[in-house]
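Given next are the chains, with one letter for each unit.
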Amino acid sequence: MGVKAWLSKPLAAYVHKKHQSWIQNPVEAQRAVFEKIIKKAQQTAFGREHHFSEIKTHADFVKAVPVRDYEGLASYFNRVKEGEPDILWPGKPIYLAKTSGTTSGTKYIPITKDSIPNHINGAKDALLSYIHETGNSSFLDGKMIFLSGSPVLDEVGGIHTGRLSGIVNHHVPGYLRTNQLPSYETNCIEDWETKLDQIIEETIDQNMTLISGIPPWVQMYFDKLIRQTGKPVKDIFPNFSLFVYGGVNFEPYRKKLFESIGREIDSVETFPASEGFFAYQNEQHDKGLLLLLNAGIFFEFIPTDEYFNENPTRLTIGEVEPGVNYALVVSSNAGLWAYSIGDTVKFTSVKPYKLIVSGRIKHYISAFGEHVIGEEVEKAMQRTMQNYSLVELVEFTVAPYVSQDKGQSFHEWFVEFSIPPANMEAFEKELNAQLQKLNTYYDDLITGHILADLKIRSLPQGTFRHYMKSQGKLGGQNKVPRLSNDRKLADGLIESSGALTTKTNE
């Protein structure tokens, strides 16, 4: 055992013990965060305009500060972006995290001196928690790769600006930098395919022990490694023992990814976002993610069926219940106030508070009143594939097909298989039945012949990759939306599919 692996164990035990105080006193921990951030922001432009000096309770906060998304707070974000100090948080942010919004174009999320430790410590503590639970720290002695965006930063309003993963790259602890791959120069390559080729060149003969990234892009890395060597990943990297991921539900990718590795290995799920590092998986046997309640973020939860109401219920941590879908709202020491991040969550436990990410508040299909959410389509696909063990999936998304003829409208599933089902009609039938079990509204529409059964459009291999590249979103932290309530993404995939088919026939 190397020095890093050896030293990590007492540190992991110390951090675990330290966390118990807020884990066992969650309501008090959140109250302390709330009082601290409200007090510190009193003299900001936002704090003065919303009478922070008069806010004593959560009820006061609800009256003074409405829930808003990026567009709702855009006037404040624009002032921050222009370099004006003391707008949302004292002083200026040290970074702006640049991220692509689904409705608001490019977003610039402030990261302050007070909030940057949340991003860094969240990732660090996820690994230390894993070490404390399993005793496995040997991965710290090998090479680790974090498939991420470029660390090159621009300046906007005198503030360093870039992708969150690139910003965090500048804060990797010194003791881990010697283990980190790829090289800084390779990480700076903007074109994902060029970057991936260089990453493979730098890692293929290394002792890779930890690999981290969004599952579809990690799968692309594995596919290229396997094509180049003719070996499964376990034979290329025999000491690879930990996979760390976040950003999407892992289940649709799990089967193919572990088959590419050649064996199952431990994995740790995280819940990072430009707005904060919210949660991480702290137990291998439990898929729930431990919500970080003392990290400078005050959480509110809106039942999703109330989200679009004029005055929705806003619950604090002590009021939530397991099994209910909530829209996640945050206020933080980054200067975000009653900010709707767009994600929906569902608590799996309240002792301690653990959750899963169940979808996106704006990513759903309700063209016919069914309100199907991401969690439901992913579960339907997962359960169907369990009955078709030979089928392998690359990626999928779902969109409505609206016909003018009654009973002819349906949900169209755009699916890229690496190994398609031998009987597509039977696969479709099973998938439709699983979705009916998961969503009663969808079931009513099917049984009432308002909707026809779903249809799968099987896409040529490489279609999703081609589409994401055409949108400038290939690789890094970019994700394919699981659901759309319109045909924009569907039409883009059809166009990409056609382009690939034409290219193949030439």
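Residues numbered from 1 in each chain as written. Predicted model: local features only at pLDDT ≥ 70, side-chain atom pairs only at ≥ 80, totals over all residues. Heavy atoms only, no water.

A. Looking closely at the overall build of the protein. Counting its secondary structure elements, the protein contains 18 helices and 20 strands. For a compact globule of 506 residues, the expected C-alpha radius of gyration is about 23 Å, and the protein comes in at 23 Å, within 12% of that figure. Counting the 506 residues in the protein, one finds 54% classified as buried. Sequence separation of 24 or more characterises 67% of the internal contacts of the protein that already satisfy a separation of 6 or more. (Helix = DSSP H or I, 4+ residues; strand = E, 2+ residues; numbered from the N terminus. Rg over C-alpha atoms; globule rule 2.2 N^0.38 Å. Buried < 20%, exposed > 50% of the residue type's maximum accessible area, 1.4 Å probe, protein only. Contact = heavy atoms within 4.5 Å.)

B. Structural detail: the sheet that holds strand β18 (residues 392–401). As summarised here, the arrangement of the 3 strands in space is β18-β19-β20, forming an open sheet in which the pairing is mixed. A single partner strand is all that each edge strand has here, and the edge strands are β18 and β20 (455–458). Neighbour-to-neighbour, the strand axes of the sheet open up by a mean angle of 25°, direction not taken into account. As judged from the 4 bridges shared by strand β19 (residues 410–419) and β20, these two strands associate in the parallel manner. (Pairing = 2+ DSSP bridges. Axes fitted to C-alpha atoms, helices over the stretch in contact; angles between N-to-C directions.)

C. Spatial organisation of the pairing of strand β10 (residues 276–281). Burial runs high along β10: 6 of the 6 residues are buried. Here 4 bridges tie strand β9 (residues 266–273) to β10, and the two strands are oriented antiparallel to one another. Along β10, the bridge assignment pairs P272 with F277. What sits between β9 and β10 in their antiparallel hairpin is a turn of 2 residues. As defined by bridge partners, β10 adjoins strand β11 (residues 289–291) across 3 bridges and the pair is classed as antiparallel. Paired with Q281 across the bridge in β11 is L289.

D. Examining the sheet that holds strand β6 (residues 180–181) more closely. Spatially, 11 strands are ordered β6-β3-β7-β8-β9-β10-β11-β15-β14-β13-β12 in an open sheet, and the strand pairing comes out mixed. Each edge of the open sheet carries a strand with a single partner, namely β6 and β12 (297–303).

E. Region of the structure containing the packing of helix α11 (residues 215–229) against helix α13 (residues 251–261). At their nearest, the axes of α11 and α13 sit 10 Å apart, and the two run at 30° to each other. As judged from the angle between their axes, α11 and α13 are roughly parallel. Between α11 and α13 lies a crossing whose hand is left-handed. Within the contact between the two elements, α11 uses P215, P216, V218, Q219, F222, D223 and I226 and α13 uses Y253, K256, L257, S260 and I261. (Parallel < 35°, antiparallel > 145°, perpendicular 65-115°, else oblique. Left-handed = near helix turned anticlockwise from the far one by under 90°.)

F. Local environment of the side chain of S115. Tracing the chain through its elements places S115 in the loop between β2 (106–111) and α6 (116–134). Within the structure, the side chain of S115 is placed 2.8 Å from the backbone nitrogen of T112, a separation counted as a polar contact. With residues near it in sequence (within four places) discarded, S115 still touches N333 and A334. (Polar contact = N/O pair within 3.5 Å; in protein donor to acceptor, adjacent residues only side chain to side chain.)

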